[in-house]
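Breakdown of the fold
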Amino acid sequence: MTEILALKPADASAREVREPRIRLSGVADDRAMMRAAAELTRDLQKPKPWLYWTDCLISAAIGYAAMLAAMFSPTLGWTLLAGAVAVLALYRASLFIHEITHVKHSLLPGFRVGWNVLVGMPIMLPSFMYEGIHAIHHSRTRYGTADDPEYLPLAHMKPYTLPLFLLVSVLMPVGLLIRFGILTPLSLLFPKLRRLVIAKYSGLQINPSYERKAPTGEFRKQWAFQETICSIWAIGVIATVATGIFPLRAFAIYMAVIAGVAVINQVRTLVAHLWENEGEPLTVTAQFLDSVNVPGPSWLPYFWAPVGLRYHALHHLLPSLPYHSLTEAHRRLSEALASDSAYHKANYPTLTGLMVRLGQNTMKQRGRN
């Protein structure tokens with residue numbers, strides 16, 4: 001979820017001995033699918049503010065209530081149960097950061113500020129960490145290339161990269177405390193450190209080579225406000241723990257809940273794409289086929305891929321479509337498009353199957369130099 005660890009892709013010699021397959025860079029656009037997607041979803045484009053606010057507020061309220069219950073629970077069993085509820089609820093609330101990057105703010109007045117105050121800042125994940133980053137991932141010419149901050153060819157990397165990828169998310173709350181509680185105030189005193197913090201530690205990215213540019217215009221003001229409040233929050237957390245005001249048990253649970261949110265999101269990230277592109281620019285259809293829908297009928301995707309993210313391939317086809325419209329859009333396209341359409345090739349039944357596929361692909365790299 002955050003860039004802490006550099007992961008090394010398989011080199012050219014390994015690619016040469018890999019078994020033949022259809023390269024994503026050779027996939028032409030499915031014009032019929034793209035035309036149907038545009039025509040059948042025109043009435044689904046407008047977000048429903050009442051649903052965004054209600055969903056986010058209820059999720060956040062349940063998450064914080066459960067976190068407090070875990071902090072003050074008298075038994076381990078109730079602590080674990082309340083902690084699990086807190087993780088799932090705050091995970092759902094946190095994923096509205098994804099919607100903030102896509103929906104026009106004029107159609108959701110006040111939602112970005114409200115989300116940051118209620119969710120982003122208390123868990124130290126302000127929206128500036130994603131805004132401006134995620135749009136590059138959806139770029140027609142940069143998806144899956146070295147310029148994509150959210151892409152690595154994980155399917156062609158060594159087996160040890162997957163557990164390390166997950167370990168990064170376990171450590172994320174510690175990294176965020178350091179980022180906002182220590183590096184932010186220090187970077188205001190040292191310009192070189194400030195440039196480093198902006199370039200390398202100000203984005204929810206997985207590509208370690210990506211360097212972010214300094215914000216400009218109105219976004220710079222948003223960034224400054226969010227970073228200031230997060231810094232004050234992180235310094236307050238560190239100070240109250242150091243002085244004993246914030247009990248160590250409560251602090252550990254707070255950090256564990258944030259880590260739990262990060263781990264689930266990292267697992268979801270591992271199955272959001274097939275990660276099979278090796279740096280070439282792709283057509284829209286190729287990007288779609290490298291992405292994943294897990295439409296069900298299982299109810300589990302509602303927990304590990306909420307806020308519409310179980311339709312991640314469809315989202316790459318129609319990135320501006322609100323999360324609450326994706327189910328209906330998927331139904332319409334599934335019924336309208338022929339069985340040989342590229343649309344049906346991005347649907348997968350389970351998270352487990354996708355994880356096994358990714359693990360098997362990485363195992364093929366074992367022993368290759």
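Residues numbered from 1 in each chain as written. Predicted model: local features only at pLDDT ≥ 70, side-chain atom pairs only at ≥ 80, totals over all residues. Heavy atoms only, no water.

Focus on the overall build of the protein chain
Formally: In this description a helix means any DSSP run of H or I spanning at least four residues, a strand means any run of E spanning at least two, and both kinds are numbered starting from the N terminus. The globule rule is 2.2 Å times the number of residues to the power 0.38, and the radius of gyration it is compared with is taken over C-alpha atoms. Buried, partly exposed and exposed residues are distinguished by accessible area as a fraction of the type maximum, computed with a 1.4 Å probe on protein chains only: under 20%, between the cut-offs, and over 50%, respectively. Contact criterion: two residues are considered in contact whenever any of their non-hydrogen atoms come within 4.5 Å of each other. Here the accessible surface of atoms and residues is derived via Shrake-Rupley with a 1.4 Å probe, and residues count as covered only by protein chains that are part of the display.
Along its length, the protein chain carries 17 helices and zero strands. Against the compact-globule benchmark of 21 Å for 369 residues, the protein chain has a radius of gyration of 21 Å, which places it among compact chains. Dimensions along the principal axes, computed over C-alpha positions, put the protein chain at roughly 65 × 50 × 50 Å. Taken across its 369 residues, the protein chain has 54% of its residues classed as buried. The contacts in the protein chain between residues at least 6 apart in sequence include a share of 77% that link residues at least 24 apart. With an accessible surface of roughly 16900 Å², the protein chain has 68% of that area assigned to carbon and sulfur atoms.

Focus: the side chain of Ser 291
The following threshold applies: Polar contacts here mean pairs of N or O atoms no more than 3.5 Å apart (in protein, one a potential hydrogen donor and the other a potential acceptor; neighbouring residues in sequence count only if both atoms are side-chain atoms).
By the element assignment, Ser 291 lies in the loop between α13 (284–289) and α14 (301–304). Within the local environment of Ser 291, its side chain forms a polar contact with the backbone oxygen of Gln 287, the two atoms lying 2.8 Å apart. Once residues within four sequence positions are removed from consideration, Ser 291 is found in contact with Tyr 143, Ala 272, His 273, His 312, Ala 313, His 316, Ala 346 and Tyr 348.

Some thoughts on the packing of helix α3 (residues 49–72) against helix α4 (residues 76–94)
Helix-helix packing is characterised by the crossing angle of the two axes and by the distance between the axes. We apply this condition: Lines fitted to C-alpha atoms define the axes, with helix axes restricted to the stretch in contact, and inter-axis angles between N-to-C directions lie between 0 and 180 degrees. Roughly parallel here means an angle under 35 degrees, roughly antiparallel means over 145, roughly perpendicular means 65 to 115, and every remaining angle is called oblique. By definition, turning the near helix anticlockwise from the far helix through less than a right angle yields a left-handed crossing, and turning it clockwise yields a right-handed one.
Taken N-terminus to C-terminus, the directions of α3 and α4 make an angle of 155 degrees; their axes are 7 Å apart at the nearest point. It follows that α3 is roughly antiparallel to α4 by the angle criterion. Considering how the two elements wind past one another, α3 and α4 form a crossing that is left-handed. On α4, the residues that touch Asp 55, Cys 56, Ser 59, Ala 60, Ile 62, Gly 63, Tyr 64, Ala 66, Met 67, Ala 69 and Ala 70 of α3 are Thr 79, Ala 82, Gly 83, Val 85, Ala 86, Ala 89, Leu 90, Arg 92 and Ala 93.

Quick word on empty space enclosed by the protein
We apply this condition: Think of a 1 Å grid over just the protein atoms. A cavity is a set of points where a 1.4 Å probe fits yet cannot get out, a pocket is an open set with protein on both sides within 12 Å along at least five of seven lines, and lining residues have an atom within 4 Å of a point. Grid points are joined across faces, edges and corners, and a volume is the space filled by probe spheres set on the points. The classification used treats Ala, Val, Leu, Ile, Met, Phe, Trp, Tyr, Cys and Pro as nonpolar, Asp, Glu, Lys and Arg as charged, and all other residues, Gly among them, as polar.
Per the stated rule, a full pass over the model turns up seven cavities of 30 Å³ or more. For the largest cavity, the calculated volume is near 330 Å³. If you go around the largest cavity, you meet 22 residues; those closest to its centre are Tyr 130, Glu 150, Asn 265, Arg 268 and Thr 269. Here the element with the most residues in the lining of the largest cavity is helix α12 (residues 248–270); it accounts for three residues. Its residues assigned to classes, the lining of the largest cavity comprises 12 nonpolar, eight polar and two charged.

Topic: the packing of aromatic side chains
The geometry of two aromatic rings is summed up by the distance between their centres and the angle between their planes. Just so we agree on the cut-off: Working definition: a ring pair exists when centres of Phe, Tyr or Trp rings (six-membered ring for Trp) sit within 6.5 Å. Plane angles under 30 degrees give stacked, over 60 give edge-to-face, the rest tilted. By definition, being over a ring means that NZ of Lys or CZ of Arg is both within 6 Å of the ring centre and within 35 degrees of the ring normal.
What the rule picks out here adds up to 15 aromatic pairs. Centroid distance Phe 128 to Trp 223: 4.5 Å. Interplanar angle 25 degrees. Geometry classified as stacked. Here Phe 128, found in the loop between α6 (111–120) and α7 (134–137), pairs with Trp 223, found in helix α11 (residues 217–242); they are 95 residues apart in sequence, far enough to count as distant. Assigned by exposure class, Phe 128 and Trp 223 land together as buried. Lying across the ring of Phe 180, Arg 179 places its NZ or CZ 4.7 Å from the centre. A cation over an aromatic ring shows up here: Arg 310 above the ring of Tyr 302, its NZ or CZ 4.0 Å from the ring centre.

Quick look at unusual backbone geometry
Look at the link from Gly 296 to Pro 297: it is a cis peptide, with omega at 15 degrees. With respect to the helices, strands and loops of the structure, Pro 297 is situated in the loop between α13 and α14. You will see that Met 124, though not glycine, has its phi angle at about 60 degrees, which is positive. Along the chain, Met 124 turns up in the loop between α6 and α7. When its relative accessible area of 0% is taken as the criterion, Met 124 is described as buried. Residue Trp 275 is not a glycine yet carries a positive backbone phi of 60 degrees. In this fold, Trp 275 is placed in the loop between α12 and α13.

Side note on a nonpolar patch on the surface
For clarity, the threshold we go by: Patches in this entry comprise residues that are over 30% relatively accessible and not in a salt bridge; like charges within 9 Å are linked, as are nonpolar side chains (Val, Leu, Ile, Met, Phe, Trp, Tyr) within 5 Å. By definition here, a salt bridge exists when the distance from a side-chain nitrogen of Lys or Arg to a carboxyl oxygen of Asp or Glu is within 4 Å.
On the surface, a nonpolar cluster with roughly 580 Å² of combined accessible area is contributed by Leu 57, Val 113, Val 117, Leu 118, Phe 225, Ile 229 and Ile 232. Counting only elements with at least two residues in the nonpolar patch, the list comes to α6 and α11. In this structure, Ile 229 sits in helix α11. The exposure class of Ile 229 is partly exposed, given its relative accessible area of 32%.

Examining the side chain of His 102
Looking at the element boundaries, His 102 is found in helix α5 (residues 96–102). Within the local environment of His 102, its side chain forms a polar contact with the backbone oxygen of Pro 319, the two atoms lying 3.3 Å apart. Setting aside anything within four residues of it in sequence, one finds His 102 in contact with His 134, His 138, His 315 and Pro 319.

Details of the environment of Val 85
Topologically, Val 85 is positioned in helix α4. Its relative accessible area of 35% is what places Val 85 among the partly exposed residues. Between the C-alpha atoms of Val 85 and Ala 66, which are 19 residues apart in sequence, the distance is 6.1 Å. Beyond its immediate sequence surroundings of up to four residues, Val 85 is in contact with Ile 62 and Ala 66.

On their own, these measurements won't tell you what the molecule is for.
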